[in-house]
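# Architecture and fold: a report
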Amino acid sequence: MSRSALPTRVALVTGGIGGIGTEICRQLARAGRQVIALDLASREERVAAFRDEVAGFGGAIVFEPIDVSDFDSCRQAVERIGQRHGSVDILINAAGITRDASLRKMTPQQWHELMRVNLDGVFNMCRHVVEGMTARGFGRIVNISSVNGQTGQFGQTNYSAAKAGVHGFSMALARETARKGVTVNTVSPGYCDTPMVAAVPVDIRAQIIAGIPVGRLGAPADIARAVAFLAADDAGYITGANLPVNGGYFMSF
Ligand SMILES: NC(=O)c1ccc[n+]([C@@H]2O[C@H](COP(=O)([O-])OP(=O)(O)OC[C@H]3O[C@@H](n4cnc5c(N)ncnc54)[C@H](O)[C@@H]3O)[C@@H](O)[C@H]2O)c1
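Here the structure is a predicted model, which means the values were calculated and not measured. Here the residue index of a chain counts from 1 through its sequence in written order. Only residues with pLDDT of at least 70 are given local features in this predicted model, and only at 80 or more are side-chain atom pairs given and counted; all residues enter the totals for whole chains, interfaces and linings.

## Here we look at the nonpolar core
Inclusion rule: By our criterion, buried Ala, Val, Leu, Ile, Met, Phe, Trp, Tyr and Cys residues that link up through C-beta atoms within 7 Å make up a nonpolar core. The exposure scheme places C-beta atoms from the backbone and then counts, for each residue, the other C-beta atoms within 10 Å of its own, assigning buried at 20 or more, exposed at 12 or fewer, and partly exposed in between. Two residues qualify as being in contact provided that their C-beta atoms, derived from the backbone, are within 7 Å of each other.
By size, the foremost hydrophobic cluster in this structure holds 59 residues, and its most contacted members are V13, I92 and V227. In this view, I92 contacts A11, L12, V13, T14, I24, V142, V227 and A231; residues no more than four positions away in its chain are not counted.

## Things to note about the sheet that holds strand β6 (residues 182–189)
Applicable threshold: The pairing criterion for strands is at least two bridges between them, as found by DSSP. Under the scheme used here, helices are H or I runs from DSSP no shorter than 4 residues and strands are E runs no shorter than 2 residues, and both carry numbers assigned from the N terminus. Interaxial angles span 0 to 180 degrees and are taken between N-to-C directions of axes, which are lines fitted to C-alpha atoms, for helices over the stretch in contact.
Judged by pairing direction, the sheet is parallel, and its seven strands sit side by side in the order β3-β2-β1-β4-β5-β6-β7 without closing on themselves. Only two strands of the sheet have a single partner each, and these edge strands are β3 (61–65) and β7 (242–245). With direction set aside, neighbouring strand axes in the sheet form an average angle of 20 degrees. Of the strand pairs in this sheet, strand β1 (residues 10–14) and strand β4 (residues 90–93) are connected by four bridges, and their pairing is parallel. The residue bridging T14 from the neighbouring strand is N93, located in β4.

## Digging into helix α4 (residues 108–118)
Here is the rule: In this description, one arc is meant: the one made by directions from the helix axis to the C-beta atoms.
Taken as a whole, α4 has its buried residues at L114, V117 and N118. Looking straight down α4, one finds that the buried residues subtend no more than 85 degrees of arc, so they occupy a single side. Looking at α4, the residues exposed on the side facing more than 90 degrees away from the buried face are P108 and Q109. Each element contacted by the buried residues of α4 is listed here: α5 (120–136) and α7 (157–177).

## Some details on the site of the ligand
Using the following cut-off: Nearness here has a simple definition: the residue's C-beta atom, placed using the backbone, must lie within 6 Å of the molecule or strand.
Taken together, 27 residues surround the ligand, and among them G15, G18, I20, G96 and C192 come closest. Elements supplying a minimum of two residues to the shell around the ligand: α1 (19–30) and α8 (195–198). Per-element tally for the shell around the ligand: the top contributor is α1, with three residues.

## Here's the deal with the environment of V197
If you trace the backbone, V197 turns up in helix α8. Judged by C-beta crowding, with 17 C-beta atoms within 10 Å, V197 ranks as partly exposed. Between the C-alpha atom of V197 and that of V122, which follows or precedes it by 75 residues, the distance is 23 Å. When neighbours within four sequence positions are excluded, V197 is seen to be in contact with Y191, C192, R205 and L217.

Geometric values such as these leave the question of function open.
Spelled out as structure tokens, the structure:
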């Protein structure tokens, strides 16, 4: 199908102004989608920079404020977007935070803050879009997990639990929606060349890279490519799957 013949689908990307989220927005817009980047309005400077970075896409990428940890904020955003752009066809949950500490030092606040964004956020968003998707007989949901949800990571009991939970959630929702044309999958990035990993000390970074068979960190474009693949109209037979994008860092069957 040529690009002009594709139906215009409305795609939401949470964490849409982040390192990986921005690239997901670009790739979905290039695939002809109307993209709404959802992120915290409190990141004013980043919102302004994002608007400059995607200006070339015209109105195909727009920003809307949200706090994914807040159920009502998600409901209001989905309603607002419905009125302005039409019903939601594609949802990418890429919002995420870290609150690292070994378990013996982890505070309940570090645990709960992370769960509210990384796991409740996925529930809050899916809960508000899934009914419309199943009623219309089409939907694509892609949740961003992490290799650390598959392997566990020192100092990340909260993050690893949430990211493993994201895949369990996705498999269960995939079963609930499979007969209604809605697919639900996860993408699990390995270590990516983003500010999060750039902050790691140089020697530890070198050790990480040495452990990646492909020999480099992932680029946001590598992750976005997998997301765009799963969000395509003709990806309807892939559901409940986890697509690892980690340069061979963790291989499983
Ligand atoms: N960078 C990596 O190496 C890596 C590896 C594996 C998985 N991931 C996952 O990929 C996703 C994107 O990560 P990234 O590297 O682009 O990080 P990032 O920090 O650049 O992007 C995350 C975005 O989420 C937003 N966000 C945080 N809390 C929010 C909230 N309450 N409501 C709305 N938005 C909120 C942030 O403002 C930010 O823009 C995350 O889920 C992360 O856990 C990243």
